[in-house]
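Commentary on secondary and tertiary structure
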Amino acid sequence: MPPSLSSEPAGRAADLLRRRSGGAADLVWQAPGRANLIGEHTDYNGGWALPFAIDRVTAVAVRRRDGPGLRAWSAQEPEMLVWSGPAPLGAAGPTTANPGVPPWGRYVLGAVAALAGSGVEVPAADVAIDSDVPVGAGVSSSAAVLIATIAALAALAGAEPGAASLAAMAHRAETIHAGVPVGWLDHLGIAHATPGHAALIDFSTGAWEPVPLQRGPLLVVDSHVRHDNAAGGYRRRREECAQAARLLGTADLRAATREAVESGLEGSLRRRARHVVTENGRVLTAAGRLRAGKPLGDLLWASHASLRDEFEASCPELDLIVDTSRSLGADGARMMGGGFGGSALVLGLPAAALAGALASAFERRGQRPPAVWEVAAAGGPAPA
Ligand code: GLA
């Protein structure tokens with residue numbers, strides 16, 4: 001088991017549980033949000049990425065109760081979740097269809113269902129959640145809550161799943177039970193997080209290795225434009241990638257060559273596939289540069305340009321953040337995560353200087369300035 005870590009969300013989750021359920025937590029687990037150095041929209045195409053965990057966590061405090069069922073509270077949500085069973089979960093399929101379950105509650109029930117699917121029967125429990133991972137900002141608040149909930153409920157049931165199995169259950173909970181069609185980036189990136197390192201993940205096998213990150217400020221810049229991976233652009237892009245692979249006769253776009261993409265596809269499908277193929281190349285180059293201690297900012301600029309022009313997953317606010325970072329002399333910057341909103345990653349600028357420049361640039365357009373915060377590459381899920 002990883003060493004215990006304390007955090008403010010962990011203390012607050014335990015307090016919330018005590019106030020609402022009337023007793024002390026049996027145990028608390030926490031899991032971080034994630035950033036991604038490079039490798040966007042490659043995960044569900046069987047490619048590679050270099051995610052790392054950020055020093056912001058979601059904490060889940062749990063306590064056995066006299067059954068049946070589950071009660072849950074989140075400090076960030078007004079509605080309580082009450083689930084009285086019986087066996088809602090198991091192989092019951094998407095919990096999205098259950099009336100009376102608040103949207104955030106699907107993640108908690110999805111966690112129980114994924115555990116049940118792996119043979120872990122969760123006892124009747126009270127659950128309290130608190131988090132300082134911003135929601136909808138592209139830093140995987142949903143994977144953080146899933147992994148922390150699964151780890152906490154597993155521990156309550158006397159089980160201790162390893163990192164790969166935690167990631168697999170969280171992915172199942174999010175895609176099947178919460179109905180959000182995401183890839184593996186968030187779950188594997190969080191489960192395999194190593195302080196001071198990014199994880200080079202090969203999504204065709206789940207194999208990974210830690211790669212040391214270079215020193216210097218890592219900034220996450222939240223555009224405040226909210227995206228939803230369950231709908232809209234993200235889902236369409238996945239479908240386009242699947243269609244491109246079908247037309248090329250390959251299992252996925254990881255198996256496609258640049259030549260095949262140029263000769264075998266046209267129009268927007270060619271541009272989507274070109275992004276995936278070139279982004280995979282950039283990830284592997286970035287990993288080599290990190291190991292050799294060489295700069296990699298050019299790869300981040302190129303990744304953003306490709307996401308903006310070929311994959312068309314950026315938005316004007318993210319472009320403005322990246323352009324402003326460039327004009328201030330950043331080492332590199334790019335949009336991060338699913339896109340269409342969320343956050344950008346900026347390397348090599350002081351947070352205050354970037355925040356000031358973005359405040360002027362966004363206020364000139366009559367828009368709320370982005371939030372800029374410096375992050376450190378943190379460790380993965382741990383008891384608190
Ligand atoms: C979102 C999804 C991930 C991944 C990224 C794009 O964050 O949750 O699975 O597809 O978008 O790289």
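What you see is a predicted model, and the numbers here were worked out from it, not measured in a lab. (Residues numbered from 1 in each chain as written. Predicted model: local features only at pLDDT ≥ 70, side-chain atom pairs only at ≥ 80, totals over all residues. Heavy atoms only, no water.)

**Quick look at the confidence of the model for the protein**
Residues of the protein with pLDDT of at least 70 account for 96%, and the chain-wide mean is 93. Throughout residues 87-96 the model reports pLDDT below 50, and contacts reaching past four residues in sequence, or to other chains, amount to 18 contacts. (pLDDT = per-residue confidence, 0-100. Contact = heavy atoms within 4.5 Å.)

**Details of the layout of surface pockets**
Its volume calculated, the largest pocket comes out at about 950 Å³. As for the largest pocket, its lining consists of 44 residues, and the residues nearest its centre are Tyr-107, Val-135, Gly-136, Ser-141 and Ser-142. Looking at the lining of the largest pocket element by element, the count peaks at five residues for helix H2 (residues 103-117). Tallied by class, residues from the lining of the largest pocket come to 19 nonpolar, 15 polar and 10 charged. Lining the lining of the largest pocket are residues from two domains, each supplying at least three of them: domain 1 (8-210) and domain 2 (213-376). (1 Å grid on protein atoms, 1.4 Å probe; cavity = no way out; pocket = protein on both sides within 12 Å on 5 of 7 lines; lining within 4 Å. Points joined across faces, edges and corners; volume = space filled by probe spheres on them. Helix = DSSP H or I, 4+ residues; strand = E, 2+ residues; numbered from the N terminus. Nonpolar A, V, L, I, M, F, W, Y, C, P; charged D, E, K, R; others polar. Domains from an automatic or database assignment.)

**Focus: unusual backbone geometry**
For His-224, which is not a glycine, the phi torsion comes out positive at approximately 70°. Among the secondary structure elements, His-224 is positioned in the loop between strand S9 (218-222) and helix H6 (232-248). Since its relative accessible area comes to 21%, His-224 is described here as partly exposed. Residues other than glycine seldom take positive phi values, yet Glu-312 does so here, at roughly 50°. Its location among the elements puts Glu-312 in the loop between helix H9 (297-309) and helix H10 (316-327). (Buried < 20%, exposed > 50% of the residue type's maximum accessible area, 1.4 Å probe, protein only.)

**Regarding the pattern of salt bridges**
Note on pairing: side chains with opposite charge can pair once their charged atoms come close. Taken as a whole, this structure holds 20 salt bridges when the rule is applied. A salt bridge links Glu-40 to Arg-334; the nearest nitrogen and oxygen atoms lie 2.7 Å apart. Remark: Arg-334 occurs in strand S10 (residues 332-335) and Glu-40 occurs in the loop between strand S1 (27-36) and strand S2 (48-49); sequence separation between them is 294 residues. Accessibility classification places Glu-40 together with Arg-334 in one group, the buried group. Residue Asp-126 is joined to Arg-71 by a salt bridge in which the shortest nitrogen-to-oxygen separation is 2.8 Å. (Salt bridge = Lys/Arg side-chain N within 4 Å of Asp/Glu carboxyl O.)

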